[in-house]
Amino acid sequence: MEVKKIACPCCGANIDFSKSDKVKCEYCHAMVYLDDKGQVSSPEEDIEKLKIIADDAANELNNSVGTKGFKIVFGLIFSCVIVFISAILILGITSINTHSKYSEYDISSFNNDLELFTGTNSGMFVSNLLDNVITKNKTDKDHVITVIYGEINTTDTDEIRQLKTNFEDFKNYEVSLDYDSDGFVNKVTIFDI
Ligand SMILES: [Zn+2]
């Protein structure tokens, strides 16, 4: 019988197919088959290939999990940085706000209809000014305005209303304002001129 020696597909050792086309490799003990076309194959070889495919797939999976893990960690760090920066900004803004708890708008809208009457004004305007003071003293207890005219020094709305009768419509008076530490008018002083 013709001696057919063909390399084992698993280990490369020569395998003698002269007796059978199904031979167990002496070296690696893989079953090796010889087909009609003279090609050899082994289930072990296929298993090795499957193992390699499986290992590749496992590595692929590990890598992608690794990449995901990295993305998650990076995402967390990035989120922390964003939160940290936001906190600094919010705290900064809050500290500015607590430094002055009123906005420019609050202050100027409170002061506007008083500042209209500063300087030299007729008694009619002084009466309007005192009407505004009365309204503010009734509605905004945080910013009570003291009215001073001669001996009179009051925050009482009835006294301020009474005070209005002292001013002659077409006579001129001098009005000056004082402000509290927040910038709100807290004192109206009226002088005869
Ligand atoms: Zn072999």
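Residues numbered from 1 in each chain as written. Predicted model: local features only at pLDDT ≥ 70, side-chain atom pairs only at ≥ 80, totals over all residues.

With that settled, the discussion passes to the domain arrangement of the protein. Domain boundaries in the protein define domain 1 (5-41), domain 2 (43-99) and domain 3 (104-192). Taken over C-alpha atoms, the centre of domain 1 sits 49 Å from the centre of domain 2. Residue-level contacts link five residues of domain 1 with four residues of domain 2. Taken together, the residues of the side of domain 1 that touches domain 2 sort by class into four nonpolar, one polar and no charged. (Domains from an automatic or database assignment. Contact = placed C-beta atoms within 7 Å. Nonpolar A, V, L, I, M, F, W, Y, C, P; charged D, E, K, R; others polar.)

Across the sheet, five strands lie side by side as β6-β9-β10-β7-β8; this open sheet has mixed pairing. Both outer strands of the open sheet, β6 (119-122) and β8 (152-154), are each paired with one neighbouring strand and no more. For this sheet, the mean inter-axis angle between neighbouring strands, taken without regard to orientation, is 20°. Across four bridges, strand β7 (residues 146-149) lies against strand β10 (residues 185-192) in parallel orientation. Its bridge partner being in β10, Ile148 is matched across the sheet by Thr189. Of the strands in this sheet, β6, β7, β9 (172-179) and β10 touch helix α3 (residues 123-139), which is tilted by about 100° from β6. (Pairing = 2+ DSSP bridges. Helix = DSSP H or I, 4+ residues; strand = E, 2+ residues; numbered from the N terminus. Axes fitted to C-alpha atoms, helices over the stretch in contact; angles between N-to-C directions.)

Okay, the environment of Asp35 next. Structurally, Asp35 can be placed in the loop between β4 (31-34) and β5 (40-41). For Asp35, a count of 9 C-beta atoms within 10 Å puts it in the exposed group. For the pair Asp35 and Asp21, spaced 14 residues apart in sequence, the C-alpha to C-alpha distance is 7.3 Å. (Buried ≥ 20, exposed ≤ 12 C-beta atoms within 10 Å, placed from the backbone.)

Here we take up the pairing of β9. With four bridges connecting them, β6 and β9 associate as antiparallel partners. Across the sheet, Gly119 pairs through a bridge with Val175, a residue of β9. Both β9 and β10 contribute to a ladder of seven bridges, which runs antiparallel. Among the inter-strand pairings, Asp178 is bridged to a residue of β10, identified as Lys187. Taken together, β9 and the strand that follows it, β10, pair antiparallel across an intervening segment of five residues, in which Gly183 is found at a positive phi of about 100°.

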